[in-house]
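A closer look at the structure
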Amino acid sequence: MTPPVKNDSAVHKFTGTENVKHFLISNSVPIIFIALSAIAIPISGFSAGYLIQEMLTRLARNSFLVLSLLIPIMAGMGLNFGMVLGAMAGQIGLIFVTDWAVVGIPGMVLAALISMPIAAFLGFICGSVLNKAKGREMVTSYILGFFINGIYQFVVLYTMGIRGLHIPITNPQLVLSRGFGIRNAINLTGIRRALDNALPLTHNFGHFTISIPLGTYVTIAAFCFFIVWFRRTKLGQDMRAIGQDMAVAGSAGIAVERTRVIAIVISTVLAAFGQIIFLQNIGTMNTYNSHEQTGMFSIAALLIGGATVSRASITNVFVGVTLFHMMFVVSPTAGKELIGQAQLGEYFRVFVSYGIIAVALVLHAWKRLQERERARRGLRGE
Amino acid sequence: MSGKFEKFISDFGWPRIIIALFLLLLFASTPFVGVKLDTSISDTLVRVGMNGVLVLAMVPMVQSGCGLNFGLPLGIIAGLLGAVTSIQVATSFDALYQVISSGGSVGVFASALSSVLQSGARGLALFGIALAIALPCAAILGFLYAQILNRVKGEEMMIATYVGFSSVAVMCMAWLLLPFNSPVMVWGYGGSGLRTTISTEGFWRHILSDFGSIDFGNFYFPTGMFIFFAIMVCIVWAFFRTKTGTAMTAAGSNPEFARASGIDVNKMRTISVMLSTVLGAVGILVYEQSFGFIQLYMGPLYMAFPAVAAILLGGASVNKATMANVIVGTFLFQGILTMTPSVINSILKSDMSEVIRIIVSNGMILYALTRKTRVKR
Amino acid sequence: MSNRLDSAATPLLTVDAVGKEFFGNRVLEEVNFSLYAGEILGLVGENGAGKSTLMNILFGMPVISQTGGYDGRILIEGEEVRFSSPFDAIDAGIGMVHQEFSLLPGFTATENILLNRESTKYNPLVEVFGDRIKTLDRRDMRRRADEAISILGFSIDPEALGAEMPVGHKQFTEIAREIDRKSTKLLVLDEPTAVLAESEAEILIKSLRGLAERGISMIFISHRLQEVIDLCDEIIILRDGRVVKETKPAETSIFQVASLMVGRNVEAVSTERRLMEETETILDVQNLWVDMPGETVRDVTFSVRKGEIFGVGGLAGQGKLGIANGIMGLFPAGGNVTVKGEPLRLNDPALSLSRDMAFVAEDRRGVGLLLDEPIDWNIAFTAMQVQDKFVRKILGGLIKWRDDAAMREVALDYINRLEIRCTGHRQRAVELSGGNQQKVCLAKAFVVGPEILFVSEPTRGIDIGAKRLVLDTIRQVNEDTGATVIVTSSELEELRSVCDRIAIVDSGRISGVRDASRPAEEFGVLMLGESPSLVPAAATIGGETF
C-alpha cells in the first residue's frame, strides 16, 4: 500500500462554479421555499399590497422570538425548545398588568419586568437540567417545555385568583366564574399594539396603504445590535468556544456548565420579551395555548431561513420568518384554489412546520456522522 | 436488611415509588370521597388493556438501542389505515350483499366474503382485515423509518418525534384526499374527506373486549382484550428469547461488541424498528375497538408520550426495557390517569386530571433523560 | 544553556522521592530529579514505564487525588506544592502541550492561542453584569498572538482557522498558547514531534532551544531518541516506574538509552523454551493495511505457523493493535490474508469468525464485553451467533430458541476453570474486576473453539496475580487444543515469556520478526524504528549489565 501522505494544507480554494454550487447547497432550504412561494403566491391570488402588509406585520410580531434562539445555538446547545418557558413567563407578566390595568408602553414594560425574574428562574432550571443531559439537550428541553407547561397550568388555572393566596387576581374579566383560575381567553386591550403604534408610520402607495409597526422594528433592531455586540464580548467568545468543544473549553478554564446555564437564561428571558411583543400585536391571549406553538413555529421559521442546529445568523432569522409566514398566509388559499379544500393547505403548513424541523435534525445528525467518517479518512491520509 | 431496602429503592427509583404510593392512596381513599371502588378498578383495567400494546411497542426499539420510540405515530397511522379500510370494505360488501340478496350475481370470492360479513363472524373478519392491511403497511413504514434512524445514531429520539409529527401531518392531507366513500366515514357535506372521528359501532367495536368479558354490577372486565394483550406480551417475550432477539439486545447493550461478534447492527436496529411500528399498529387497533371510535387527523399526534411515560414509569430506562416494565408501567400510569379525575375532582371540585397527567408523564420522561446512563467510552 | 553550574540557584522544579500506587499496584517508585531554569529534561521510557503517571502528578490531574494521592514531594522554586487541579499547576507556571491537539476548529490561531485569556476592554455594562461582559480587544489579541508566534520563530497565519491548519501549525499554535501565558516557567511537551514531518520537527526543536535560552525550562517526552539526545541537557530513563539512569547526552548513545529502556533482569525471562517444529503456515498476511484510528497499519506482511504462539509488539500508536482488528474485520482494511490456505475476505466480522478465528479485543469495556449483561451471556453470545451453539431449534429450525440451561452450564464451567471471581453466572460483567473481566473475554473466545486466536493486550489494567493466570491460560489453551495464538501486547517481557516468535511493529510496518529468546535489546531497537543498518550486532549491546 502507498504510505499515507500528510495533508499539508486542508485549505480548499473554491473555484467560480464550485462557489455557486456551494452557495446553492448551503442555502438549499430557503431556495426551495422561495420556489414554493413563487408557485403558491400567484395561485392564491393575493395582492402584492396585502402580502407586503401581512409580511411587515408578521416580521414585527415574530422576529424577536426567533432571535431569542440564537444564543443557545452559539453555545452549542442546539435549538432551544425550552423557549416556551420564556413564553409562559411573558404571559404571566401580561396577566398581572392586565389585572392591574396598566396600559400602553408602561404596561408592556411592567409586564417585561415581572416576567424577567420568572423567566430567569425557569431558564436557570432549564439550563441546570440540560447540564445533566448533555448530548440530548434538544429532546430534554422539548420535554421540559411540556413539563413546565403542566406546572404553568396548575399555577394559572388553580391558584391564581384564590383569595388568601399570594397571587391575588381580582379583575372579574380575568378570573373564571368559579372564583379562581384564569379565563382561557384574555383581551389585552390595554396594551394592544402599544409598541407597534408607538411610532406610527403609514405610507400611501396609491392603490394601497401600508402601515409599518416602527416601534417594534426599532426594538428588534436594538436586539440585533445586542446580539452582534454580545458575540464580541468575553462571554460570547466563551460560548462560541463551548459550542465547538466543551472539553477543550473546560480545560482552558472556562466554566462550561455555568456558561451554558447563562446562555439558556438569556434565551429564556428574551423569549419572554418576545412573547409579550408577539401578544401585543395579536391583542388577545389564549392563556393555555398561546405559548404552546411558539417554540415550534419559531424554530421552524429559523430553520427555513437556512439555519442549522449548530449555525444560525440574524439573516437566517429574517429570511426565515418572511418565508415561513409567506407560506403560512398563502398555503390555505392556494390549497383551496388548487383542490378546493382550504383545510388541505392548512394541513400542508402544519406538515411543513414539522417536516422542516425533522429534515433539519436529520441533516444535522447525518452530517455529523459523515464528518466523523471524513475525519477518520483524514487520519488515513486519503 | 436496611441495605437491601436501600438497594430496592435505588433500583426502583424514587419517582416510581412516590407514584405507586400515590396511586395506592387514591384507591384507598375512594370510599371516603364517594367514588365507587369497583368502577374505579374496572375503569383502570379497561384502560390498561387499551394501552398495553402501545406501551409494548416501545420495547423492541429500546432494547436495540434506538431509544424511546417517539415515532409511535408512524405505527398508529398504519393501524388507522387498516381500520378505515376495513370499514370501507364492510360498507362496500354490505352494498354488494344487497345486490346479491336481490338476485344479482357477483364473483365467488366477493359473494363469500359479503356473506361472511353478514354472519356472526362479521366483527372478527373485519378486525382481521384491518390487521391484514395494517401490518404490512406498518412493516413498510417501519423499514423506511429505520433507514432514517440508522443514519442519525445518537439523536434518534428528537428526530423520531418530528418524523412522527410530520407523518401525522402528511396523513392529515391523505385523509382528505384518499378515495374512501363509505357514508359512515366521509363528511356529510362535500362528500369527500374522512371525518375526524369514526364510530366502529356495527363493525368491530369491543370485538376483543367483549370476548368472555365479565360484567358484574359496576365491574366490567374485558377478558378478551387482556388475553390478546397477554398473547402479544408473550410473543415479544419469546422473540427476545430467540437467537435474533438475543442479538438485538446485545446490539442495544453494546453495538461494538455485537459487531465484533459478527452481528449486523443496522439490520438488528431495522428489525426492531419494524417490530415496534407493527406493534404500534396492532396497539391502536386494540385501543380503538375498546374505545369505539377511530380518531383521525391530529389524533395520533401526541399518542407516543403517554406510552413513553408509562414504560419509564414501569422502570425501564432509555436503553433497557422488560415485559414487567410494560405491565407495571401501564398499570401505574393508567391508574393515575383514571383515578385522579374521579378522586381529586371530588375532593377539590375541579378537574385537575389533565394537569396531573401532563406533570406526571413529562416529569417521568424528564427523569429518565437526565439520569446518568453508562458512559460509552 | 544550563544554569546547573551556578550551584547557588534553587532548582525550578524538584521531584523528591515521588511514588504512586494504583490499587496496590505500584506504578512509580522513588523518582528523584531536579530541573533548573532554562534547562531541558528528556524523559524516555517504554509505554507503562510511568511517564504519564509522573506528568499527571506534576500537573495535578484529578485522577491522582481520586486514587489516593502520591508519595514524596514536588517543589517549585524550593517550595513544596500539591496541586489539586490542573489549574493550580497552570497558576504555578507549568504549561502542558498534549499529544492530542486541543484546538477549537472554528477559532482562528489568534483566538486559540488566547483561549480564555483574551484581551478585553471595559464598557459600562460591566458594572451590572460583571467582567465577562467586557468586549474583546481584537487588536491587542492579534498583537499578543503575533508576539507569541514570533518568539517561536515559526510563521503561522494568525487568522487561519483551527480546522484548516496543517498539523505542524496546530502543534505550534498549542505551544504559542503556553508561551503567551507570561507566567509559564516550565513547559511539558508530550510527544510534540510525533505528528510532525521531519522538517517541521527540526524547526520545533530549534524554537524550543530558543525558548530555553529565554529561561523557560522544559520536560520533553519523546520516543524519537535522536531528538532527545539533540535537544536535551539531561536525560532520565524510566523503567517499571523507576529511574534507571540519569545521564547527559554527551555521555550516552541512542543504543544505550534504548537498551536501558527495555532491558530487564535476565532471570525474569521465562527460561522454558519450546522447540518449534516447522509446521505448515496457518495464517498468511500480505501487504495488510488497516484504518484503525490511532493504530494505523500501513503495510504488514508476515505468516504464522500452525500451533505457535506468535507475538506482536511495538510502541503505542505504531499500529500493532490494528493488525488483529483488521483481520477480524472490525476496521476498514485491505491486502491479502490467507487463512488455512484459503483467502479471507476482509471487512466482515461474521466472515472472519466463521473461519474458526476468535478475538479477545484490547478494548475490554468498549468491544470485549456486554457490560450490562450477565456473565453467561458474555461467554456464550459469540458462539451462539456464529455457530448456533446454545440454541434449540424449534419447528425444524424456524425458531432458534436460546438455550439458557446450556449457557448456564458453560458459564459455570468456565467460571470454575478460569477461577472467575463472581457471585454467580448471572452477575453483570460491569461488576467484575478488570482481571475477571479479562477472563470472561477469554472464555468467550475459547467457547468458539478457535483454531486461530487473537489476544490483544491480555494483561492491560489487571493486577499482577491475574496477569500470570491469564498468560498461563493462553499458553495452556495453545498446548491443549493446538490452537494458534497471536498475542498483541505493549509489554515486551510479557510477549517474551509466552511467545515463540515476536514481530515488532513500527510506523505501521513490521520492522522485524525475531525468536522470543533473542535478547530484549534487540527488540528494543526494532521498536524504536532506528534504521537496522545503524544497529550493531544486537548481542554487543546486550552485553551491558544493569
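Remember, it's a predicted structure, so these values are computed and weren't measured experimentally.

**A closer look at the interface of chain B and chain C**
As a measure of interface size, the accessible area lost when the parts come together is often cited. Facing the 22 residues of chain B at the interface are 31 residues of chain C. Across the chain B to chain C interface the summed buried area is about 2,300 Å²; carbon plus sulfur atoms make up 58%. Sorting the residues of chain B by area buried against chain C places Arg241, Lys243 and Phe257 of chain B first, and these three jointly supply 33% of that buried surface. The tally of links from chain B across to chain C stands at 3 salt bridges. Remark: the boundary between chain B and chain C carries 13 residue pairs in polar contact (both at pLDDT 80 or more). Elements with a contribution of two residues or more to the side of chain B that touches chain C: helix 9 (223–239), helix 10 (243–253) and helix 11 (255–260) of chain B. By residue number, the principal contributor to the side of chain B that touches chain C is helix 10 of chain B, which donates 6 residues. In terms of residue class, the side of chain B that touches chain C is made up of 8 nonpolar, 7 polar and 7 charged.

**Overview of the interface of chain B and chain A**
Each side of the interface is counted separately: chain B has 42 residues, and chain A has 40 residues. Taken together, the two surfaces of chain B and chain A that pack against each other cover about 3,700 Å², and 76% of this comes from carbon and sulfur. Linking chain B with chain A are 0 salt bridges, by the criterion used here. Of all the elements in the fold, those that place two or more residues in the side of chain B that touches chain A are helix 7 (122–151), helix 8 (156–177) and helix 15 (353–370) of chain B. Among the elements that take part in the side of chain B that touches chain A, helix 8 of chain B stands out by supplying 14 residues, more than any other. A per-class count over the side of chain B that touches chain A returns 29 nonpolar, 8 polar and 5 charged.

**With respect to the side chain of Glu178 of chain C**
Residue and element names in this part refer to chain C. One can find Glu178 in helix 7 (residues 167–180). On the basis of relative accessible area, Glu178 is assigned to the buried category, the value being 6%. Among residues more than four places away in sequence, those in contact with Glu178 are Gly95, Met96, Val97, Thr184 and Leu187.

**Overview of unusual backbone geometry**
Residues and elements named next belong to chain C. The phi angle at Asn347 is positive, at roughly 70 degrees, despite the residue not being glycine. In this fold, Asn347 is placed in the loop between strand 17 (342–344) and helix 12 (349–354). For Asn347, a relative accessible area of 42% puts it in the partly exposed group. Even without being a glycine, Glu419 presents a positive backbone phi close to 55 degrees.

Procedures and definitions
- Counting restarts for each chain: residues are numbered from 1 in the order of the written sequence.
- All chains are assigned letters beginning at A, and all ligands numbers beginning at 1, according to the order in which they are written.
- In view of the model being predicted, local features appear only for residues whose pLDDT reaches at least 70, and side-chain atom pairs are presented and counted only at 80 or more, with totals across whole chains, interfaces and linings using the full set of residues.
- Values shown for side chains rest on all heavy atoms present in the structure; no hydrogens or waters enter the calculation.
- Whether two residues are in contact is decided by their heavy atoms: any pair within 4.5 Å suffices.
- Two parts placed together each lose some accessible area under a 1.4 Å probe, and adding up what both lose gives the buried area.
- Salt-bridge detection follows one rule: a side-chain nitrogen of Lys or Arg within 4 Å of a carboxyl oxygen of Asp or Glu.
- Here a polar contact is recorded for every N or O atom pair within 3.5 Å, except that within protein the pair must consist of a potential hydrogen donor and a potential acceptor, and residues adjacent in sequence are included only if both atoms are side-chain atoms.
- Note on conventions: DSSP H or I runs of at least 4 residues are helices, E runs of at least 2 residues are strands, and numbering of each starts at the N terminus.
- Any residue outside Ala, Val, Leu, Ile, Met, Phe, Trp, Tyr, Cys, Pro, Asp, Glu, Lys and Arg is labelled polar, Gly included; the first ten of those are nonpolar and the last four are charged.
- Think of it in three bands: residues with accessible area under 20% of the maximum for their type are buried, residues over 50% are exposed, and the middle band is partly exposed, with areas taken using a 1.4 Å probe on protein chains only.

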